[in-house]
Structures are given as structure tokens and as C-alpha cells.
Amino acid sequence: MSIACAYFAKQYNNAMDIIQLVFGFVNAPLFATFLLGMFWARCTGTGAFLGLFGGIGTSAIFHALTIAVGNTPASRWYLGVVKTFPSEMAQNFWLASFAFLVCLTLTLGISLATARTKTDEELKGLVYSLTPKIKDEGTAWYLRPAVVGTVLLIACVILNLIFW
């Protein structure tokens, strides 16, 4: 597999283009599936599974129908050039966007069309809206996650302004 990956990577100008392409194929649909599963109790396993593969399939079709300036259709697996992007990074950005949206839409639709297999009780601790919230009223300010997170966020912004 590593030899095949090396020949695949040889077709690209730099490693970042390949990494972004892989992220567009895999991470964008996975992120949509993760968000729905974490925040929507009605999401089903069938919807998530089929939506994920629909998003990956969308990535493949999108990549086969688009090209970046400077590439030739004969160099990769193209079905035809429908759209030309100014760079491979732009092509990968739009590929990831379409994969995310298709996965999200398919997962929503299929989840609504299929029977729910888990009860709210079984999803407690997995879905955000069904998970009991932390009560930290009696806790010292420096032990509260919201306060510490806000202080760290402000510190990061200040450090970025200083050292950028």
C-alpha cells in the first residue's frame, strides 16, 4: 500500500495538497456525521453510515469532475472537466464543503426515514442535549471549566497579538 501511495503522491506538487485532499475525502463527511450524532438524538446508525459513504462518494465524483489550473485531465482519473479552480487547495476546499453538505443532508434524510433504534435513556452521555449539565455553583472560580476556558482563550488572543 505504501508503494501505491507513493506513486499517487508523485502526481502532486507538494504534500499539503495530498493531505488536504485526504481530509476532504474523509474528514469533512466524518465531521458532519460526528456533529449530527453528538447534537441530534434522532440520528440513526443507518443514516450516519449511509450519509458518511454518500459524502465520500461525493468527494470522489467532485474530484473526478473538477481540475486545478496547471493540471491535465490525463494525469488523474477524470470523468470530464466541469469546473476549473485556481489551485488544488481551492479545489480541495470546495470538495470538502460539498462532501460535508451532502453527508449532512443524507444523514438527516435517512435518519428521519429509518426507525430510531436507541431510546433517550440509552443516549444519555452521548448526545449533548440528553446529557446532564455540570453544576459548579459552589466551586471556587479557578476550578470552574467555563471560567478557566475563558481566561485561557483571552490569554491566547493576547499572546497572538503580542507575537504575531
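Going by the structure above, here's the rest.
Report follows, based on the coordinates. Treat the numbers as computed from the prediction; the structure is a model and nothing was measured. (Residues numbered from 1 in each chain as written. Predicted model: local features only at pLDDT ≥ 70, side-chain atom pairs only at ≥ 80, totals over all residues. Heavy atoms only, no water.)

**Examining the overall build of the chain**
Inference 1: If you tally the helices and strands in the chain, you get 6 helices and 2 strands.
Inference 2: Sequence-ordered secondary structure for the chain, helices as α and strands as β, is α-α-α-β-β-α-α-α.
Inference 3: In terms of overall size, the chain is more extended than a compact globule, its C-alpha atoms giving a radius of gyration of 21 Å where 164 residues would be expected to give roughly 15 Å.
Inference 4: Counted over contacts in the chain with a minimum sequence separation of 6, partners at least 24 positions apart contribute 63%.
Inference 5: Working note: accessible area of the chain is about 11,000 Å², and carbon and sulfur atoms make up 73% of it.
Inference 6: Charged side chains of the chain number 10 positive and 7 negative; the gap between the two group centres comes to 5 Å. (Helix = DSSP H or I, 4+ residues; strand = E, 2+ residues; numbered from the N terminus. Rg over C-alpha atoms; globule rule 2.2 N^0.38 Å. Contact = heavy atoms within 4.5 Å. Areas by Shrake-Rupley, 256 points an atom, 1.4 Å probe, with all protein chains shown as cover. Lys, Arg positive; Asp, Glu negative; His and termini not counted. Charge placed at Lys NZ, Arg CZ, Asp CG, Glu CD.)

**Section: the packing of helix α2 (residues 15–39) against helix α3 (residues 45–65)**
Inference 1: Packing of α2 against α3 brings their axes to within 9 Å, and their N-to-C directions diverge by 150°. Compared by their axis directions, α2 and α3 come out roughly antiparallel. The handedness of the crossing between α2 and α3 is right-handed. Taken together, the residues of α3 that come into contact with α2 (itself represented by Leu 21, Gly 24, Phe 25, Pro 29, Leu 30 and Thr 33) are Ala 48, Leu 52, Gly 55, Ile 56, Ser 59, Ala 60 and His 63.
Inference 2: Residues belonging to the contact of α2 with α3 are distributed by class as follows: 8 nonpolar, 5 polar and no charged. (Axes fitted to C-alpha atoms, helices over the stretch in contact; angles between N-to-C directions. Parallel < 35°, antiparallel > 145°, perpendicular 65-115°, else oblique. Left-handed = near helix turned anticlockwise from the far one by under 90°. Nonpolar A, V, L, I, M, F, W, Y, C, P; charged D, E, K, R; others polar.)

**Quick notes on the nonpolar core**
Inference 1: In this structure, Tyr 12, Ile 18, Leu 21, Phe 62, Phe 85, Ala 90 and Leu 95 together form the largest nonpolar core, which totals 7 residues.
Inference 2: Discounting residues that sit within four places of it in the chain, Phe 85 has contacts with Phe 62, Thr 66, Ile 67, Ala 68, Val 69, Ala 90, Gln 91 and Trp 94. (Core = buried A, V, L, I, M, F, W, Y, C linked by side-chain atoms within 4.5 Å. Buried < 20%, exposed > 50% of the residue type's maximum accessible area, 1.4 Å probe, protein only.)

**Some points on the packing of aromatic side chains**
Inference 1: Across all of its chains, the model carries 8 aromatic pairs by this definition.
Inference 2: Relative to Phe 85, the ring of Phe 62 lies with its centre 5.9 Å away and its plane at 35°, an arrangement referred to as tilted. Taken together, the residues Phe 62 in helix α3 and Phe 85 in strand β2 (residues 83–85) connect sequence positions 23 residues apart. Accessibility classification places Phe 62 together with Phe 85 in one group, the buried group.
Inference 3: Three or more aromatic residues link up through ring pairs in this structure, and these residues are Phe 62, Phe 85, Phe 93, Trp 94 and Phe 98. (Phe/Tyr/Trp six-rings, centres within 6.5 Å; stacked < 30°, edge-to-face > 60°.)

**Remarks on the pattern of salt bridges**
Inference 1: By the definition in use, this model includes 2 salt bridges.
Inference 2: One salt bridge in this structure joins Arg 116 and Asp 120, with 2.3 Å as the shortest N-O distance.
Inference 3: On the basis of relative accessible area, Arg 116 is assigned to the partly exposed category, the value being 35%.
Inference 4: We classify Asp 120 as partly exposed; its relative accessible area is 37%.
Inference 5: Of the charged contacts in the structure, one is a salt bridge between Glu 121 and Lys 124, with a shortest N-O distance of 3.3 Å.
Inference 6: Owing to a relative accessible area of 56%, Glu 121 belongs among the exposed residues under this scheme.
Inference 7: According to the relative accessible area criterion, Lys 124 is partly exposed, its value standing at 43%. (Salt bridge = Lys/Arg side-chain N within 4 Å of Asp/Glu carboxyl O.)

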